[in-house]
Amino acid sequence: MDNERPFDENIVLLSKTDEIIGFNGQIKKIAEGDYVFLYMDIGEGDYVFSEGIVIKNPYLSDYPICKWCCKLLYGIEYMSAYQASFE
């Protein structure tokens, strides 16, 4: 996710099309205003995650291949750190 934030730490490039793959592997249609939960496997059993709202790509001139972005509502968090906060 960090590599997909070109100009604003709160906006993540999301999808080239109107579809994303959900955590369960199913294809989901997205549209502007949808709420999404983002996750990324970073290896060694750990994940990073965040959540936000789907927006049209505001960087079309620089990243025309991406149709949709996500405006993050919270910072990106590591699952290991999140779980440790409950121990």
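See the structure above.
Structural notes on the state of the cysteines
All chains considered together, the criterion is met by 0 disulfides. Between C66, a cysteine without a disulfide, and C69, which holds the nearest cysteine sulfur, the sulfur-to-sulfur distance is 4.5 Å.

Side note on the packing of aromatic side chains
What the rule picks out here adds up to 6 aromatic pairs. Considering the side-chain rings of Y39 and Y47, the 6.5 Å spacing of their centres and the 55 degrees angle between planes classify their relative orientation as tilted. With relative accessibility at 31%, the residue Y39 sits in the partly exposed group. By relative accessible area, Y47 is classed as partly exposed at 29%. These aromatic residues form a ring-pair network of at least three members: F37, F49, Y82 and F86.

Some words on the nonpolar core
Of all hydrophobic cores here, the largest spans 8 residues; its members are V12, I30, V36, L38, V54, W68, C70 and L72. Looking at this core, the elements that each hand over two or more residues are β4 (35-43) and β6 (68-72). Looking at this core, the element that brings in the most residues is β6, giving 3 residues. In contact with I30, other than residues within four places in its own chain, are L14, S15, T17, D18, E19, I20, V54 and W68. Counting 5 residues, the second-largest nonpolar core is a separate cluster that includes L13, Y59, C66 and C69.

A closer look at the layout of surface pockets
Estimated volume of the largest pocket: approximately 450 Å³. Lining the largest pocket are 14 residues, and of these L14, I21, F37, L38 and Y39 sit closest to its centre. Looking at the lining of the largest pocket, the elements that each hand over two or more residues are β1 (11-15), β2 (19-21) and β4.

Parameters at a glance
Residues numbered from 1 in each chain as written. Predicted model: local features only at pLDDT ≥ 70, side-chain atom pairs only at ≥ 80, totals over all residues. Heavy atoms only, no water. Disulfide = S-S within 2.5 Å. Phe/Tyr/Trp six-rings, centres within 6.5 Å; stacked < 30°, edge-to-face > 60°. Buried < 20%, exposed > 50% of the residue type's maximum accessible area, 1.4 Å probe, protein only. Core = buried A, V, L, I, M, F, W, Y, C linked by side-chain atoms within 4.5 Å. Helix = DSSP H or I, 4+ residues; strand = E, 2+ residues; numbered from the N terminus. Contact = heavy atoms within 4.5 Å. 1 Å grid on protein atoms, 1.4 Å probe; cavity = no way out; pocket = protein on both sides within 12 Å on 5 of 7 lines; lining within 4 Å. Points joined across faces, edges and corners; volume = space filled by probe spheres on them.

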